[in-house]
Amino acid sequence: MKVNQSEFIISAVSPSQYPQDALPEIALAGRSNVGKSSLINRMLGRRNLARTSSQPGKTQTLNFYLINQDLYFVDLPGYGYAKVSQEQRRKWGQFIEQYLTNRESLKLLLLLIDSRHEPSKDDLLMYDWVRHIGLPIAVVATKADKMPRSQWQKHVKVVKETLGMPKDDPFFLFSSETGMGKEELWSHIEQAIGY
Ligand code: GTP
Ligand code: MG
């Protein structure tokens, strides 16, 4: 996809604030700091549209980005951030669950996993749950630039095996730093929204 236009629309804290125009949505989930906001910026060719931070927990609401007046990226708050209270975690769970289970325009969930590490318990829970509810999912292994090329294959294998991914399920090795994986991921997104 050629991105001609991208803009931040709204930071939603309740469903009444979600966009009403029924355009297809691609949501991004993953633990805090995994690179969700950075991936959005890279996909859109924007330096700083989605706010990124080396401190985890930056994105706390559902952030909607409109692309070419055709589709939305929805940046979800990251999970697994140690410093949040039980109460906040519970609220997070309800909030995300409500969006992921009830949103007709949601066409695909991108689950981001740090390519350097074995997926966490939370990653596994998320992956299993999303599959369970029948939402199309693609796994994106981030920060590939942080390891030598010679280690890619090994790490990809660990991620896929830990998640128990079926062989041909969509998987992308990605780097927001270099742009690796960008075109492949766009093709998959276009396919998911029937573009
Ligand atoms: P939350 O909003 O807290 O959930 O985090 P996030 O998943 O949106 O992560 P964010 O995009 O803010 O990135 C976190 C940190 O990782 C930042 O310092 C980014 O610069 C860095 N980062 C993200 N993606 C990459 C990547 O592909 N390569 C490298 N080298 N660094 C990355
Ligand atoms: Mg973020």
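Residues numbered from 1 in each chain as written. Chains lettered and ligands numbered in written order. Predicted model: local features only at pLDDT ≥ 70, side-chain atom pairs only at ≥ 80, totals over all residues.

**Regarding the overall build of the chain**
Link 1 in the chain: The helix and strand inventory of the chain stands at five helices and seven strands.
Link 2 in the chain: Its C-alpha atoms give the chain a radius of gyration of 16 Å, near enough to 16 Å, the size a compact globule of 195 residues would have.
Link 3 in the chain: Projecting the C-alpha coordinates of the chain onto the three principal axes gives extents of approximately 45 × 40 × 30 Å.
Link 4 in the chain: Expressed as a percentage of the 195 residues in the chain, the buried residues total 33%. (Helix = DSSP H or I, 4+ residues; strand = E, 2+ residues; numbered from the N terminus. Rg over C-alpha atoms; globule rule 2.2 N^0.38 Å. Buried ≥ 20, exposed ≤ 12 C-beta atoms within 10 Å, placed from the backbone.)

**Remarks on helix 1 (residues 36-44)**
Link 1 in the chain: Burial within helix 1 is extensive, with seven of its nine residues counted as buried.
Link 2 in the chain: Buried residues of helix 1: K36, S37, S38, L39, I40, R42 and M43, and no others.
Link 3 in the chain: Contact partners of the buried residues in helix 1: strand 2 (25-30), strand 3 (62-67), strand 4 (71-75), strand 5 (106-114), strand 6 (137-142) and helix 5 (182-192).
Link 4 in the chain: Directly beyond the C-terminal end of helix 1, a positive phi value near 65 degrees is found at G45. (Contact = placed C-beta atoms within 7 Å.)

**Focus: the sheet that holds strand 3**
Strand pairing in a sheet takes place through backbone hydrogen bonds and is either antiparallel or parallel in direction.
Link 1 in the chain: The strand order across the open sheet built from seven strands is 1-3-4-2-5-6-7, with neighbouring strands paired in mixed fashion. What marks the edges here is a single partner per strand, and that holds for strand 1 (6-12) and strand 7 (171-173). Taken pair by pair, the neighbouring strands of this sheet meet at an average axis angle of 25 degrees, ignoring direction.
Link 2 in the chain: Relative to strand 7, strand 6 runs parallel, the two being bridged by three bridges. Paired with V139 across the two strands is F171, which belongs to strand 7. (Pairing = 2+ DSSP bridges. Axes fitted to C-alpha atoms, helices over the stretch in contact; angles between N-to-C directions.)

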